[in-house]
Every structure is written in structure tokens, then in C-alpha cells.
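Next come the chains, spelled out residue by residue.
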Amino acid sequence: MSEQDKKTPILDKRSSRRTFIKNSGLTVGGVVLGGALGSLLGKDSTKTKTIESHVHSEATAVNFNQALMYFDKTQFDTIEAAAEQIFPKTDVGPGAKELLVAYFIDHQLASNWGLNAKEYMTGPFFPTEATALFGHQTHLNRQQIFNLGIEALNAEAQKNYDNNFAALNEDDQIAILTAFEADEVTLNGAVTSGFFFRLLKSATIEGVYADPLYGGNKNMEGWKMKNFPGHQMSYANIIEKDEFVKMDPMSLNSQHNH
Amino acid sequence: MAKKLPKTDIVLAGVGWTGGIIAAELTRKGYKVVGLERGKERKTEDYLMVHDELRYQQRNEMMQDLSKETLTVRHDRTKRALPYRQHGSFLIGDGVGGSGEHWNGLTYRFFPYDFEIYTKTVERYGKDKIPADMPLQDWGITYDELVPYFEKFETMAGISGEANPHPEVPEVKYPTVPLKETPSMKMFREASKNLGYHPYIAPAATLSESYTNPDGISRGACQYCGFCERFGCEYGAKASPVVTVLPVAKETGNFEVRTHCVVRKVLHTNGKATGVLYVDTRTGEEYIQEADVVVVSAYVLNNIRILLNSKLGRPYNPETGTGVIGKNYAYQMTSAASTGFFKDKEFNLYAGTGALAGVLDDFNGDNFDHTDLNFIHGGNIALGHYGKRPISNNSVPKGTPGWGKEFKDESIFWANRSLSVGSQGSVMPNKENYIDLDPTYKDQFGDPLIRMTFNYKDNERNQQKYIREITTKILEEMGADMITTPGDQGDWDTTKYQTTHNTGGVIMGADPETSALNNYLQMWDCENVFVPGANAFPHNSGMNPTGTVGALAYRAAEGIEKYLKNGGSLV
């Protein structure tokens, strides 16, 4: 800071401090937890217990989120089966089906993500000219790509195994998904099977690990498997620790409406 | 017809770090400043629900709505450019505070070598070291001249850090102590020291302790919550325009911010700007804001676009190498990163903050001898502890399938047992890497999008290959059981996130023939237009750019005041 600035402070420090507290909620004068969350955080530790019990009682109650916004029944069954092969139940913990990933994908497709609302969808389009390095270059939005992909999963299943995808055994489902990933299947539209597969795979991983508010990651089981604590206020006392610190995860629900 | 508004002293096209700094500096001197911001107002309370990886990271909550405006991309001039339809390789922020809201907070100073890169390269290695297609240029300003401006930025933001121990790097004293050092950072420090390198804790804008800056603004310490880059800080611990310079400007009563206002053009006649044409996207109405000084202070890419669409300055021509607007576009590389897997260790990797890292500069800049190497410059090497969130971090050892049972179990097992040692590889300018207007694609108003022609050249690919061996060596010394690397740098992947360190396009320099701006960031061709930002970098260095952007913004603020007092070209 230059000498000139020191001599001519435009802001009077005391008055500006008051204004900041009032107007912008900034932390002032060395208060550590003074930000947006601090006001809620600082109350007391009993809050955590209340939240815990709330979550547990919800778990046994009806989950009104388990219904469909976009898929029809066949589409849902197909995606539920495919997602389970991408992220299956193992000894380590639950798979996509138990974590309600197919509901997550359904809800996401019904949102602006399914319609590519915040992406540049103006033509002209040159889908065949674009290599994978140039990403999404089709006029189709994600709803349309899922429709085509699901249709093709079932067409492949019918052609090779005489049944719908969801009814096939594990090995046959994996064989079809592997062919999709390798671009060996033709979709009836301006998109490749590999592109659809990558979209499905990333949506599946999102559904496993996104905050449960989105309908997947049931009871934070995805986070528990990975020892991810979710929404926590501070790790200032953990960051330097040599030993691994396990803790019960918290969701954004614990922050809201309590 | 656009409605004409009363003239102001200074109008800003964009209210992020550079616009915010200029607003604070000039309003406190009594000048009236109007800030036009395409996005929304922002405040710390907005981040109550910020610990949401899906919303902020996967769905890019804080980034520009690309349905309204994007750019087109291609690898070389022979190809048709295609729209950048989704955020991928880099993220263009919007809203008050701009990229300064969602940045990581790593705050370095570019090296003395960077500012005089042409002269120093020729001095040490001779002219032949520079390839014919690399328009390497000095910046028209030296490190020593910039030191006071670096100090201003660091003091305002309260940068936390320790001195870089490398003997070639000038010493910096930071206003707050370094961030806490994690066990993995300690391993990195020890291993690097054993190998003869010079590791230290990276300088950070995420405060290590409570701090009151010279403007009287106090902020609390970082809580290491693990949601930093791509997220806003719910504590105000991460320095951003919203919690530092903008309140100072507002306090004066001389600053007005108009949000949801997109600047389409700088209006100018006879080599002088009269103001800007903008659209209020809420009413759909067009306005002309007249001003004595126009500051183009949006993100790098939008700055280039505004100038090209305004027909201001001479567009760059890659055939002849003449012209300046769009010239020397550069980027960075991340393909020298290696990942180590430690089967008997478990780290608290969910914790962290955007600027928490151990770093070394032994293979950055010209800190090592390039005589027998087939590239110039280099990159820093760092082990970051930024907070590993579960959707985007699924490291598995090489040979693991990408989905299915094995992928699931392995990605979960290694989630807290894998560490990456990365590098920010510098990118030198190339005659064929540039920005111009796209002939086909338009934005929401029918204005042309910009077209980015860019690929990694030999200098860059050779550099990453060299540095990758070092990152692997460090992980070996750290005792990793397995190490994987991404392999050689391929063609630029527009879809995979690499870095939002786009630079160049409206560069500074000493010569109006080869640069667009003088060393006050004032346009050579239009003396009342200033274009601060990373667009001014004639090349990109091997570290985060914001410290240098901040210093240049303070320099520009001084220039604007001089211009308003005396007029004319400042150099």
C-alpha cells in the first residue's frame, strides 16, 4: 500500500464496519464463524441430534420422492437395470438400484438438465464431423438421447436374447452395455451408443453420490460407503490429523427447515 | 432505439476482480463509476446451500448460461469450428464477483523471467532457442515495476503464505501465516526435499487466520470445508470481490452496479470511445452508457469478443502474423499429473480448501537449465488438498475397468488412499493459436460468437513429458505402492476440465505494432479504453494467474486516474 493511501483513507473504518455487518453479513473483527452458515451453526450442538433422529424417522416412512416425473415404466425398469450394472451391489455396499439412482436420473431428465436448457443448442449441427474431443454436437437433448438409448438397449436385448433388457441376466446385460460403450450398436438417431453410455454412466455416479435431496444416494448410503461426510461446517480440527477421521455424514437437509 | 443515459466518469463492462479493484480505487478518489454485470447480484448468504457437488460442480451453478452466448472451438485453421455447447475444458463465470467468486484462491506472482521472457531467453540461449512460429514477447513492464501492485493485491486480499525457498524466486512477505499443512503435504515436502527440490506451502487467498485489511474489512479464517473451487465461500474466508473491493466502492456512494446487463459493444468515433451499448436482459431494453473512460473488465474471452464485435483495435491475422486483437491466445496444461496409490494409508481427503497445496518451482519458468531441452519454460509442481468430492473423484489404478463391480469397489477403496502430484504447465504463444469472430454462430442478440483456434504445440507436449517424470519421481519417493499417469499430452480436449486459465488475445507490450495495450492496460489504438485481465498476458506462465491479474488491475487503476487528469496516451 502506498504512502498516499495511508494518508487519505476514504473509508472511516468504524462506520464502514457497522455497515458491513448490517448490509453484507461479512465477518468482522475476528469472528470466525460469521458467514452465511455461522449464524445457524453457532446455536448449539443439540441441533445435530435433532437432525439425526429426524433422518432416521424419515427412513422408515414413505418416500414420496419415489415416483416418476419423466420415464414410463419400461424406461424406468431399463435404466434401473443398466445403472445397477454400472454401479452394482457388492460386499462393499448397496448398488444403484438400492440407492434409488434410477429415480435420480428420472428427476434429472425432467429438469433443465434433461432439456439442455443452459447449453448452446443452436444449429447448424455437425454430429458426424465432431470427434469425442468436441463433446455434445447433436441437436438432440438428453431426454431424446435417453429415449433413443433405452429403445436401443431393449432392441438389442430382443434381438440377441429375445427379451427386454431388464429381464436379462447379469452377464447378458453387461455384454450389451459393453457393446454400447464400444460404439458397436447403432442408435436410431443423431447420436452414438458410446455417447449415450457415457451420459448414463456419469448420471449413475451422480445419483450414487449427489446429496439425497435429488432423490438418489438413499439415506446417504453412497457417502457412507466412501467415507464422505457430506455437508459439514468445518474440518479445521481435522485437516492436520494423521489418523483417518470417520464421521456420520450430514445432508443439506440438516441445514434447512429445522 | 437505444436509450441514452447521463454520462459517467468510468463505465465497467463486467464486475469481477479487475472491475472491482478499479471501482474501489477510482470511487475513493471521487470518480463516478457505473459497473455493468451480465449476471446477478451476489452475497455471502447466497452460499447457505453451497455444499452441493451436483448443483455447483456438475451443473455449473455459478457459470455463464451458454444457451445465450458461448464460443466456437477447433484445433487448427483447416477445420470447421464447432460450438462449445457445454462447459468443459474451462468454466466461464458470471454474476457479481465473476470468476473471483468461484476461484481456488492460489495467488502467485509471475516470475521476473515471465515479464522479460523474450530478452531473457535470447540472453541465455540465443535466438535460435525460440521456434519461428512462437511470437514470444516481453510484457513492456518488469517484475520490479510491478512489485508495488502485487503488494497492494496481496494486502487487500490478505494472502496467507510463506516465502518461496527457491533461490531464483524473489522473496515475498505475506500478510498472514501459511495455511495448515496436512500429512500428505508433509510427505510431499519431505520427498521433494530429499530429491533436492524447494517445496513450500502455496500462497492462498483462503485466509489462514482472521485478517483486517487496510480498507478496514475483516474476514475470518478458512474452515477447510472442502467446497471451494467452483463454489462460493459461505464464510467470506476466501477473498472475492464481493467480500473485499466491492463493499469499499459501494461505501463511497460513487459506485452503481447494474446487474443483468450485457455489454454488446464499445461505441467509438475517431479513435475515441464514447461509451458502451448494453442490454438489460430483464426488460429487454437497449441502453447507451456514455463515459469518459471505458473499462472492458469481463472474463478474458468476453473481453476479446467485445473488442472484436466493436471493431476496436486491429484484428489478428494468422496468415501474416499482423494485427493484435485475438493474438497470442494461450492456456495451460495438466497432463503431467501423476496419481499415487497408498494401500496402507488413509488420508482425510474430503477436507481441504481451494488453495491448500504444497508446491515447488524447480521446474518452472527458467529456474532450470533448458540448454539441452526441447522446450522453454515449465510448470509448477504441486500436491493439492482441495477437498475430494465423491462424484468427481474416482481414481483407480491403471487397468481397472471404468464401470461395474471392480470399478465400484476399487474407486471406493482408493477414495481416501490416493494422492495426485500435478503441474500447471505453461503454454507459450503460437502463431496459429488465436481468437477471431466465428462466421456462422451467433449469440442471443445476433452478434457473432468468437472462434478459438487452439492446440498444444511441440514446446508444450515436450515440456509436460519432462515434468511428468518428476511428478512420478516425487510419488515414488513418497512411497506410493502404485503410480498412474495420464500419458502423453494429446490434442486439446474441449470436454474435460483442465483449467480456467485462458490468457492473451488483447496483450500488453512496448510496441503498438505487436501489442494491443501499453503497460497501463490502455489501448494503443483508443486511449480512453482500458482492458485489464489475463487477456493482457503475452504468454501464460506455469502457475495460477490471479495474483498477476490483480496487480495489473491496480496498475490499470493508476493509469485511468492519470488519464482522467491529463489525457493522452500514458506511454
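In this text the structure is predicted, and so the values were computed from the model without any measurement. (Residues numbered from 1 in each chain as written. Chains lettered and ligands numbered in written order. Predicted model: local features only at pLDDT ≥ 70, side-chain atom pairs only at ≥ 80, totals over all residues.)

Describing the overall build of chain B
Okay, so step 1: A count of helical and extended segments in chain B gives 12 helices and 22 strands.
Okay, so step 2: Overall, chain B is about 70 × 55 × 45 Å in size when its C-alpha atoms are taken along their principal axes.
Okay, so step 3: Taken across its 571 residues, chain B has 63% of its residues classed as buried. (Helix = DSSP H or I, 4+ residues; strand = E, 2+ residues; numbered from the N terminus. Buried ≥ 20, exposed ≤ 12 C-beta atoms within 10 Å, placed from the backbone.)

Brief notes about the pairing of strand β3 (residues 71-74) of chain B
All names here are of chain B.
Okay, so step 1: Strand direction decides the pairing type here: β3 and strand β18 (residues 448-453), joined by four bridges, are parallel. Counted as the bridge partner of valine 73 is methionine 452 from β18.
Okay, so step 2: Direction of pairing for β3 relative to strand β4 (residues 82-83): antiparallel, over a ladder of two bridges. Pairing of valine 73 across the sheet is with leucine 82, part of β4. (Pairing = 2+ DSSP bridges.)

Digging into the sheet that holds strand β15 (residues 379-384) of chain B
Residue and element names in this part refer to chain B.
Okay, so step 1: Taking strand neighbours across the sheet as the criterion, the six strands line up as β5-β14-β15-β16-β13-β19 in an open arrangement whose pairing is antiparallel. Taken across any chain shown, the strands that pair with only one partner, and hence form the sheet edges, are β5 (200-201) and β19 (482-484).
Okay, so step 2: Strand contacts of helix α7 (residues 183-194): β14 (357-360), β15 and β16 (418-425), with the helix running at about 15 degrees to β14, the strand carrying the most contacts.
Okay, so step 3: On top of the sheet, helix α11 (residues 458-477) reaches β13 (338-341), β15, β16 and β19; it is set at about 150 degrees to β16, its chief contact. (Contact = placed C-beta atoms within 7 Å. Axes fitted to C-alpha atoms, helices over the stretch in contact; angles between N-to-C directions.)

Looking at the domain arrangement of chain A
All names here are of chain A.
Okay, so step 1: Taken as a whole, chain A is organised into domain 1 (3-60 + 227-255) and domain 2 (73-225).
Okay, so step 2: Each partner contributes to the interface: domain 1 provides seven residues, whereas domain 2 provides seven residues.
Okay, so step 3: Classifying every residue of the side of domain 1 that touches domain 2 by side-chain character gives four nonpolar, three polar and no charged. (Domains from an automatic or database assignment. Nonpolar A, V, L, I, M, F, W, Y, C, P; charged D, E, K, R; others polar.)

Here's the deal with the interface of chain A and chain B
Reports of interface size often rely on the accessible area that becomes lost once the parts have come together.
Okay, so step 1: Chain A puts 75 residues into the contact, and the matching count from chain B is 73 residues.
Okay, so step 2: Of all the elements in the fold, those that place two or more residues in the side of chain A that touches chain B are α2 (13-24), α5 (73-86), α9 (193-209) and α10 (221-226) of chain A.
Okay, so step 3: With six residues, the top contributor of residues to the side of chain A that touches chain B is α2 of chain A.
Okay, so step 4: Looking at the side of chain A that touches chain B, its residues break down into 41 nonpolar, 22 polar and 12 charged.

Some thoughts on the sheet that holds β18 of chain B
Residue and element names in this part refer to chain B.
Okay, so step 1: Strands sit in the order β4-β3-β18-β17 across an open sheet of four strands; the sheet is mixed. What marks the edges here is a single partner per strand, and that holds for β4 and β17 (434-442).
Okay, so step 2: Helix α9 (residues 300-309) contacts β3, β17 and β18 of the sheet and is inclined by roughly 120 degrees relative to β18.

Things to note about the confidence of the model for chain B
Okay, so step 1: Averaged over every residue, the pLDDT of chain B is 97; the share at 70 or more is 100%.
Okay, so step 2: At the level of chain-chain contacts, confidence expressed as ipTM amounts to 0.96, with global pTM at 0.93. (pLDDT = per-residue confidence, 0-100.)

Concerning unusual backbone geometry
Okay, so step 1: Omega for the bond connecting glycine 123 of chain A with proline 124 of chain A falls within 30 degrees of zero, at 0 degrees, which places this linkage in the cis form.
Okay, so step 2: Among the secondary structure elements, proline 124 of chain A is positioned in the loop between α6 (101-110) and α7 (142-161).
Okay, so step 3: One non-glycine residue with positive phi stands out, namely asparagine 60 of chain B, at about 55 degrees.
Okay, so step 4: Mapped onto the elements of the fold, asparagine 60 of chain B is located in the loop between α2 (53-58) and β3.
Okay, so step 5: On the basis of neighbour counts, which here come to 20 C-beta atoms within 10 Å, the residue asparagine 60 of chain B falls in the buried class.
Okay, so step 6: With phi around 75 degrees, arginine 230 of chain B is a residue other than glycine that occupies positive phi space.
Okay, so step 7: With respect to the helices and strands, arginine 230 of chain B occurs in the loop between β7 (218-219) and α8 (245-251).
Okay, so step 8: Exposure remark for arginine 230 of chain B: the 25 C-beta atoms within 10 Å place this residue in the buried category.

Focus on the environment of alanine 82 of chain A
Residues and elements named next belong to chain A.
Okay, so step 1: For alanine 82, the location among the structural elements is in helix α5.
Okay, so step 2: Through-space distance from the C-alpha of alanine 82 to that of threonine 204 is 9.2 Å; in sequence the pair is 122 residues apart.
Okay, so step 3: Non-local contacts of alanine 82, meaning those with residues more than four positions away in its chain, are made with Leu153, Phe165, Leu177 and Leu200.

What to know about the pairing of β14 of chain B
Each regular strand shows side chains that alternate between the opposite faces of the sheet.
Residues and elements named next belong to chain B.
Okay, so step 1: Here β14 shows a buried face lined by Ala357 and Val359 and a second buried face lined by Gly358 and Leu360.
Okay, so step 2: Where β14 meets β15, four bridges bridge the pair, whose relative direction is antiparallel. Bridging across to β15, glycine 358 finds its partner in leucine 383.

A word on the packing of α6 of chain A against α9 of chain A
Residue and element names in this part refer to chain A.
Okay, so step 1: Where α6 contacts α9, the axes come no closer than 8 Å and their chain directions differ by 115 degrees. When the axes of α6 and α9 are compared, the pair comes out roughly perpendicular. In the crossing of α6 with α9, the sense of the turn from one axis to the other is right-handed. Every residue of α9 that contacts α6 at Val101, Phe104, Ile105 and Gln108 is listed here: Ala203, Thr204, Gly207 and Val208. (Parallel < 35°, antiparallel > 145°, perpendicular 65-115°, else oblique. Left-handed = near helix turned anticlockwise from the far one by under 90°.)

Some points on the environment of threonine 485 of chain B
Residue and element names in this part refer to chain B.
Okay, so step 1: If you trace the backbone, threonine 485 turns up in the loop between β19 and β20 (503-505).
Okay, so step 2: Residues threonine 485 and serine 338, 147 residues apart in the sequence, show an inter-C-alpha distance of 4.6 Å.
Okay, so step 3: In contact with threonine 485, not counting residues within four places along its chain, are Ser338, Arg468 and Thr472.

Things to note about α7 of chain B
Residue and element names in this part refer to chain B.
Okay, so step 1: Here α7 is 12 residues long and its end C-alpha atoms lie 17 Å apart, about the 16 Å a rise of 1.5 Å per residue gives.
Okay, so step 2: The complete set of buried residues in α7 reads Ser184, Met185, Met187, Phe188, Arg189, Ala191 and Ser192.
Okay, so step 3: The secondary structure elements touched by the buried residues of α7 are β14, β15, β16 and α11.
Okay, so step 4: Following α7 by one or two positions, glycine 196 has its phi on the positive side, about 90 degrees. (Expected span 1.5 Å × (residues − 1).)

Details of the confidence of the model for chain A
Okay, so step 1: Per-residue confidence for chain A gives a mean pLDDT of 84; residues scoring 70 or more make up 76%.
Okay, so step 2: Segment residues 37-56 of chain A: pLDDT under 50, and 13 contacts once partners within four positions in sequence are set aside and those in other chains are kept.

Here we look at the environment of isoleucine 304 of chain B
Residue and element names in this part refer to chain B.
Okay, so step 1: Tracing the sequence through the fold places isoleucine 304 in helix α9.
Okay, so step 2: Look at isoleucine 304 and you get buried, because 34 C-beta atoms sit within 10 Å.
Okay, so step 3: Note: C-alpha distance between isoleucine 304 and aspartate 436 (132 residues apart in sequence) is 8.5 Å.

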